[in-house]
Amino acid sequence: MHTSTGLLDLLRFAEVLVVAVAAVSVGRFVAGRTRQPLVIGELVAGMSIGPIAFWLLGAHRFHVELNDTVLAAVKLFAEAGLVLFLVGLSYQMRHRSHRPSTRAVTWVTLGALLPALLVGTLFALWIVHSGSPQARGTASTTAFVLLVAVTLSITAVPVLARVLADRRMTDTPVGRTALNSSIVIDSVAWLLLTLAVGIRTGRPEAILRSGGVLLTAALVSFLVRRLLGTPGCERLAARAPAAAVIAIGAFAIAMAVTVEHSGMTAILGAVLAGFAIPASEPWADAVGKVLTAGERLIPIYFVVSGITVLTKGFATASASLICLTILAGLAGKIAGGYTGARLGGLEPVDSLRVGVLMNTRGLTELLVLHVGYNAGVLTAPLYLALVVMALVTTLLAGPLLQVIDGYESRAHTCVRARGPETGGTHPMTRPTLPTADTVAPDAFRSLMAAFPTGVAVITAFGADGVPWGMTCSSLCSLNVSPATLLVCLRAESPTLQALLERRQFTLNLLHADARQAAELFASGDPARFEKVAWTEGRCGPHLAQDAHVSADCRVDRTADGGSHVVVFGEVAAIRRADGQVPLLYGRRRYHTWPR
């Protein structure tokens, strides 16, 4: 009897996974077609599975098919995926050569946390004094106000990380700043949540225990890092890479489970586990495999959240309460995040991006709401209003970022059209010489043809993920520290527009046998990426078979050059192919370096 029941539960578990993968794939497809971050499609599709199945099957059949045993197995599977994903992500954050500015992270953290807490406090006090018992409930005023303030201050690290990855913003100053700030904010918010629940249950000393857990976990992370960095452990990781992957996964899950059972969020345990891994090559390879596994499993986490949060019956909330909750959520985070980013030294457009990114609440918010509701601090109508707020603010991330990208692109085009004499403020603008004082265009072309150069293809992904590329020979080095180069691109080039949308690109230096690729990317052929072999790099497509060097670059700034735009790029990573010599171009012909 027990054997047959176990086999049946195993089949139900497999059925849930198959349905989840299918639904998430549909969500990703729809998101891609509508130019939204893929994680938004995964989130909506994953969280919809539970409510749809509940409606189709009915309450009794739903709980039979998804009994406690099956649900526990799916939860374990999902949480393992979340932990593995965050371990790889936090490892990359710690060991990137370009870390975010401490000043920017500090100001963004304060800006996205304190104003949101203030707005949440005022919103809660309004509910208290409005006299609505359905929204107010019976919890003490202190616990109620504190918990509502916390719910409006959350930024969801898992969803934010996926939004940044989908938009290839993880290694940009905006992405690094937002992600680091969100980790700090969520840790503080979890401590405040523990205090609010402790006040409700009569055990406020729980905050002291949570603080102790945080310090202990940080100490364990430090000690493990010292241990794994010893020569003996690094040799073992190099000799047994599979064992290294298993060891990292087991350590991360153990840290996350321990921290969660001690009253804090598992996210914190996973992040500290990632910080504990050294930067040496054997461990870096192992962490990369852990991150890949986490990326494949994390959509299951969305499914579990929909099942546990959205399949319960709740009282209806008034439309006015829902609208006010959404407005409070938007005001505190976007305005506060923008202000903090500006004080931290970011440009206005990038500051807007930070404000929007800090407004993604997603799963962490739903977990906090679930805790508050189960503790009796939140009433059913207010819980529902806050759930709607969490989903709406998260879904707005993609469209708002697209609006900001479009605004920046239009502003750049307008400045270029006006020219420096009508308001251009870039420090590199210069007076234009009269036409009579310049040589004829043909003479100038002959001059530059006498200066042979290497041949490069500049590639980038647009905001929708479409690859773009063009042949370019106008490039040179600028600085060694930070490593900076500049390229000059035609002002009307779609490749230029794509790299401005993502603020990053890849420089592919072609080898002597890649003349065909140089001519292809100079032709404007719309199917050029279908005719060459390429792989997805950190900042743009890498021409795998035609480039002897590929450099991933982040756009630092641009300067108007009339018919061309000068793009300054900070080099983030370099990939070399040994044994190749460069392709050259001069006197209107291709040449090769002597072998």
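Cut-offs applied
- Residues numbered from 1 in each chain as written.
- Predicted model: local features only at pLDDT ≥ 70, side-chain atom pairs only at ≥ 80, totals over all residues.
- Heavy atoms only, no water.
- Helix = DSSP H or I, 4+ residues; strand = E, 2+ residues; numbered from the N terminus.
- Contact = heavy atoms within 4.5 Å.
- pLDDT = per-residue confidence, 0-100.
- Pairing = 2+ DSSP bridges.
- Axes fitted to C-alpha atoms, helices over the stretch in contact; angles between N-to-C directions.
- Buried < 20%, exposed > 50% of the residue type's maximum accessible area, 1.4 Å probe, protein only.
- Salt bridge = Lys/Arg side-chain N within 4 Å of Asp/Glu carboxyl O.
- Parallel < 35°, antiparallel > 145°, perpendicular 65-115°, else oblique.
- Left-handed = near helix turned anticlockwise from the far one by under 90°.
- Phe/Tyr/Trp six-rings, centres within 6.5 Å; stacked < 30°, edge-to-face > 60°.
- Lys NZ or Arg CZ within 6 Å of the ring centre and 35° of its normal.

Glancing now at the environment of Val457. In this fold, Val457 is placed in strand β2 (residues 456-461). A sequence separation of 49 residues divides Val457 from Thr506, and the C-alpha atoms of the two residues are 8.3 Å apart. Non-local contacts of Val457, meaning those with residues more than four positions away in its chain, are made with Met470, Thr471, Thr506, Leu507, Asn508, Leu510, Phe521 and Leu543.

This part takes up the confidence of the model for the protein chain. Within the protein chain, residue pLDDT values average 80, and 85% of them lie at 70 or more. Within the protein chain, no element has a lower average pLDDT than helix α19 (residues 397-418), which sits at 67, and none a higher one than strand β6 (residues 504-510), at 93.

Unlike most non-glycine residues, Arg503 shows phi in positive territory, near 60°. By the secondary structure assignment, Arg503 is in the loop between α21 (494-502) and β6.

Right, let's talk about the sheet that holds strand β3 (residues 467-472) for a bit. Whether parallel or antiparallel, the strands of a sheet pair through hydrogen bonds between backbone atoms. The strand order across the open sheet formed by seven strands is β3-β2-β6-β9-β10-β5-β4, and the pairing between neighbours is antiparallel. Taken across any chain shown, the strands that pair with only one partner, and hence form the sheet edges, are β3 and β4 (475-479). Here the average twist between neighbouring strands, direction ignored, is 35°. When β4 meets strand β5 (residues 484-490), the two strands line up antiparallel, connected through four bridges. The residue of β5 that forms the bridge with Ser477 is Leu485. Strand contacts of α21: β2, β3, β5, β6, β9 (547-561) and β10 (564-576), with the helix running at about 50° to β2, the strand carrying the most contacts. The sheet contacts of helix α22 (residues 515-523) involve β2, β3 and β6, and relative to β3 the element is tilted by about 110°.

Take helix α13 (residues 266-275) next. Counting buried residues in α13 gives nine out of 10 residues, a clear majority hidden from the surface. Along α13, the positions that sit buried rather than exposed are Ala266, Ile267, Leu268, Gly269, Ala270, Val271, Leu272, Ala273 and Gly274.

A few words on the sheet that holds strand β1 (residues 453-454). Here three strands make up an open sheet; going across it, the order is β1-β11-β12 and the pairing antiparallel. Strands at the two margins of the open sheet, each flanked by one partner only, are β1 and β12 (589-592). Sheet analysis places strand β11 (residues 583-586) next to β12, joined by four bridges and oriented antiparallel. Considered in β12, the bridge of Leu583 is made with Thr592.

To continue, consider the pattern of salt bridges. Counting across every chain of the model gives three salt bridges. Residue Glu519 is joined to Arg515 by a salt bridge in which the shortest nitrogen-to-oxygen separation is 3.0 Å. Here Glu519 and its partner Arg515 are both found in helix α22, four residues apart, which amounts to about one turn of the helix. Exposure remark for Arg515: the relative accessible area of 44% places this residue in the partly exposed category. Measuring nitrogen to oxygen at the nearest pair gives 2.5 Å for the salt bridge that ties Arg557 to Asp556.

This next bit is on the environment of Thr292. Mapping Thr292 onto the fold places it in helix α14 (residues 281-310). Residue classification places Thr292 among the partly exposed residues on the basis of a relative accessible area of 33%. Once the C-alpha coordinates of Thr292 and Phe85 are considered, the two residues, 207 residues apart in sequence, prove to be 7.5 Å apart.

With that settled, the discussion passes to the packing of helix α5 (residues 102-130) against helix α15 (residues 319-343). Packing of α5 against α15 leaves a shortest axis separation of 7 Å and a crossing angle of 155°. Judged by the inter-axis angle, α5 sits roughly antiparallel to α15. At the point where α5 passes α15, the crossing takes the right-handed sense. Residues Arg103, Trp107, Val108, Gly111, Ala112, Pro115, Ala116, Val119, Phe123, Trp126 and Ile127 of α5 form the contact with α15, whose own contacting residues are Leu321, Leu324, Thr325, Ala328, Gly332, Lys333, Gly336, Gly337, Gly340, Ala341 and Leu343.

Time to look at the packing of aromatic side chains. Applying the stated criterion to the full structure yields six aromatic pairs. Centroid distance Phe54 to Phe62: 5.3 Å. Interplanar angle 75°. Geometry classified as edge-to-face. The exposure class assigned to Phe54 is partly exposed, which follows from its relative accessible area of 27%. Assessed through its relative accessible area of 5%, Phe62 is described here as buried. Taken together, the aromatic side chains of Phe461, Phe521, Phe529 and Trp534 make up a single cluster linked through ring pairs. Just above the ring of Phe144 sits the side chain of Arg136; from NZ or CZ to the centre is 4.9 Å. The cationic tip of Arg557 hangs over the ring face of Phe568; the distance from NZ or CZ to the ring centre is 4.1 Å.

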